[in-house]
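# Working through the structure, step by step
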Amino acid sequence: LMSDYRSCTNKCIFCFIDQMPPGMRDTLYFKDDDARLSFLQGNYITLTNMKEHDLSRIIKYHLSPINISVQTTNPELRVKMLHNRFAGKIMETLNRLRDADIEMNGQIVLCKGVNDGAELERSIRDLAGLYPQMQSMSVVPVGLSKYREGLYPLEPLTKEDAENALDIIGRFQNEMYERFGTHFVHASDEFYLLANRPLPPEEVYDGYVQLENGVGMLRLLIEETDYTLEALSGDERVHTLSLATGKLAYPFLRDIAAKVHEKFPNVNITVYEILNDFFGHGVTVSGLITGQDLIKQLKGKPLGEVLLLPANMFRSNEEVFLDDLTKQDVEKALQVPINIVKSDGQELIRAMLMEESEEKEFASPIYMAYNFKLKKILDDCMKIKENENVISTFVLGFSLLKNLDDSYFQILQIEDKNEVLKKYKKLYKRCSNLDKIVELHRMGDRKLDPLIGREEILDELITTLKRRNKPNPILVGEPGVGKSFIIEHLSKKINEGEIKELQGKVVFELDLP
C-alpha cells in the first residue's frame, strides 16, 4: 500500500501530457514523478521532485533499479529543459547513487537543436562514466502532438537528425562493447525508421535491457514471430482477417503477415496503417491510436472475419480506448468482431492463425523481463549448449526456469563451445545445488520437515514445469512463508524420481546480484 502518487512539478519543454487536448479523462493529465513507481513499475523519474529523505531512503534500503529521465547532463541546459532550478544537480545525484551501488537506467528525450549533437555526445559520455551502476541508457525522439499552442517551439526530427543521432550512438556502442562487453546506449526504433536504416540484430540490444522503455520491441517481435513460425507446419486452413496498427509498426506487421501467408497460403491478412488524426501525424505509435480514428479510417474497408488490435491501444486491463470509446463501440461501428492481441510474437501468430490464445498467469512483459534477467547472468557465466541436462533447472530466488530448450538458447545467444568447462565452473560458483540438501536429509544430517498446507502449490509448480511452452512459474510471497521450503521438496521429488518428465534434472539456487 502506498500514499497518493507524487506528481511532477517540472514544466518540461517536451512533456507530452502538456500536448493533450482538453476534455479527456482526468487520469491522462496526471504527471507522475514518483521514485516508488520507478522501483515497482519501471517508470522514469527526473529526480527533481525528491527531497533529501527520499534519496536517503533509496540508498538506505537499496531500492534499485531506478529509471531516470536524464535528458542532458549539462546543468544549465537541464534547468532550461525541465524548467526547474534544481534540475542542474543531476550528475551530483547520479554520482551519489553510483557510490551507493544503486542500479540505474537512463533516458534522453532528443529534441532538435536543444540536446542533440555535441550535447548528446556529452550526455552519453557522462552517463557511460557511471557504468556499471548506470546499466544502460536509451535515446528516444521527442513526441510532438498538434496541440502545442503556447508551448516551447520544438521541431520534429528529420532523416538527417536521425542519421546523426544514430552515428553518435553507434560510436559509443562500439567503444563500450570493446571495453565492457555491453553496448550500453540504445536508440529507439523510431530513429532507424526515420533514418531508413535496418533495425540492429538482436545481440546489439544486450538482452533488451531497455524493453520497458519501448527500445527493441520491433526486433523482439520479429525474433519471436520468426521462431514461432519456424516451429509450425503449414496447413490448408482458410481465414480472412485484418489488423490495424500505427505507422511505426506497420511495415513490420505487414511483413509478418506475409510470412504467415507464405506458410499458410489460405490465411489472408490485410494490415492497415492508421494515421493519428487525433494527436497529429507525427505521433506514430499504436498505443496512442483512438477509437474514433479506427472507425474513420476503417469504415467500409474489407476487414474479414475479425479485426486484430494490439493490447496497448486499450487502457490497462480494460477494453477502453484513449478517447473513451470502447471495444464494443468500435465493433458496432465497423460491424466486425475485435480480437485484442497481447504484446508478444507467439500470441500474434496465434491470433493471425485464428487459434485460441494460450492462457498465461502473467503478462508477456513480466515473462520477458524475467528471462532477460536470467540472460544477463548466464551471458557472463556460460555460452554452451552441452550438458543442458546438468544445468537445466534453476531456482532464481523466487523464480524457476526449466529445460533450456532451443527457444531459450536463441534468447541467450548460446555459442562458443570451447568455453564449456570454464563457463560452467563460473556459473557453479554462484549456485548451491539443492540436491545436496535432499541428500543431507536422506543421510539424516538435516531434517526436511513434511510439506503441510503447501501441497497444492507444489502440484501446480510441477504441472507448470512439465509444460512444453514457457514453463516458468514464479513464487511470490513475504519472507518466511515457505517459498524455499516448497523448492526443496520439489528438488526432493526430482531427486527421488517421482517426476518422470524431470528425471535427470538438477535444481540449483542462484543468487541474483
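Residues numbered from 1 in each chain as written. Predicted model: local features only at pLDDT ≥ 70, side-chain atom pairs only at ≥ 80, totals over all residues. Heavy atoms only, no water.

Below, the discussion takes up the overall build of the protein chain. Looking only at helices and strands, one finds 18 helices and 13 strands in the protein chain. By the burial criterion, 50% of the 513 residues in the protein chain qualify as buried. Contacts spanning at least 24 positions in sequence make up 74% of the contacts within the protein chain whose residues lie at least 6 apart. Carbon and sulfur atoms make up 51% of the accessible area of the protein chain, which amounts to about 25,200 Å² in all. (Helix = DSSP H or I, 4+ residues; strand = E, 2+ residues; numbered from the N terminus. Buried < 20%, exposed > 50% of the residue type's maximum accessible area, 1.4 Å probe, protein only. Contact = heavy atoms within 4.5 Å. Areas by Shrake-Rupley, 256 points an atom, 1.4 Å probe, with all protein chains shown as cover.)

Once that is clear, we can look at helix α10 (residues 291–298). Burial of α10 is extensive: six of the eight residues sit out of reach of the surface. Among all positions of α10, only Gly291, Asp293, Leu294, Ile295, Gln297 and Leu298 are buried. Immediately downstream of α10, the backbone of Gly300 shows phi near 85 degrees, a positive value.

Turning next to the pattern of salt bridges. All chains considered together, the criterion is met by 24 salt bridges. A salt bridge links Glu223 to Arg219; its shortest N-O distance comes to 3.2 Å. Highlighted residues: Glu223 and Arg219, both in helix α8 (residues 217–230), separated by four residues, approximately one helical turn. The class of Arg219 is buried, set by a relative accessible area of 14%. (Salt bridge = Lys/Arg side-chain N within 4 Å of Asp/Glu carboxyl O.)

Here we come to the confidence of the model for the protein chain. Low pLDDT means the predicted coordinates in that region are not meant to be read closely. Looking at the protein chain as a whole, its pLDDT mean stands at 79, while 73% of the residues score no less than 70. Note that pLDDT drops below 50 for residues 37–41; the model gives that stretch 16 contacts with residues more than four away or on any other chain. (pLDDT = per-residue confidence, 0-100.)

This part is about the packing of aromatic side chains. Per the stated rule, a full pass over the model turns up six aromatic pairs. Both rings, one in Tyr131 and one in Phe180, keep their centres 4.9 Å apart while their planes meet at 40 degrees; by these two values the pair is tilted. Taken together, the residues span a long stretch of sequence, with Tyr131 in the loop between α5 (118–128) and β4 (134–141) and Phe180 in helix α6 (residues 159–180) at a distance of 49 residues. Under the relative-accessibility criterion, Tyr131 is labelled partly exposed at 25%. Between the aromatic rings of Phe278 and Phe279, the centroid separation amounts to 4.9 Å while the plane-to-plane angle is 80 degrees, which identifies the pairing as edge-to-face. Like Phe278, the residue Phe279 is buried in the burial classification. An aromatic cluster of at least three residues, connected via ring pairs, comprises Phe16, Phe278 and Phe279. (Phe/Tyr/Trp six-rings, centres within 6.5 Å; stacked < 30°, edge-to-face > 60°.)

Before going further, it helps to examine the nonpolar core. Among soluble globular proteins, nonpolar side chains are generally buried collectively. Among the nonpolar cores identified, the biggest contains 70 residues, and Ile68, Leu94, Phe191, Val260 and Met352 are the most heavily contacted of them. Take this core: its biggest share by element is seven residues, from α6. Excluding residues within four positions of it along the chain, Ile68 makes contact with Tyr44, Ile45, Leu47, Ile90, Leu94, Leu97, Met104, Asn105, Gly106 and Gln107. Formed by 17 residues, the second largest nonpolar core is a distinct cluster that contains Ala244, Leu294, Leu309 and Val336. (Core = buried A, V, L, I, M, F, W, Y, C linked by side-chain atoms within 4.5 Å.)

Turning to its location among the elements, Gln173 is positioned in helix α6. Setting aside chain neighbours within four positions, we find Gln173 in contact with Thr182, His183, Val185, His186 and Val204.

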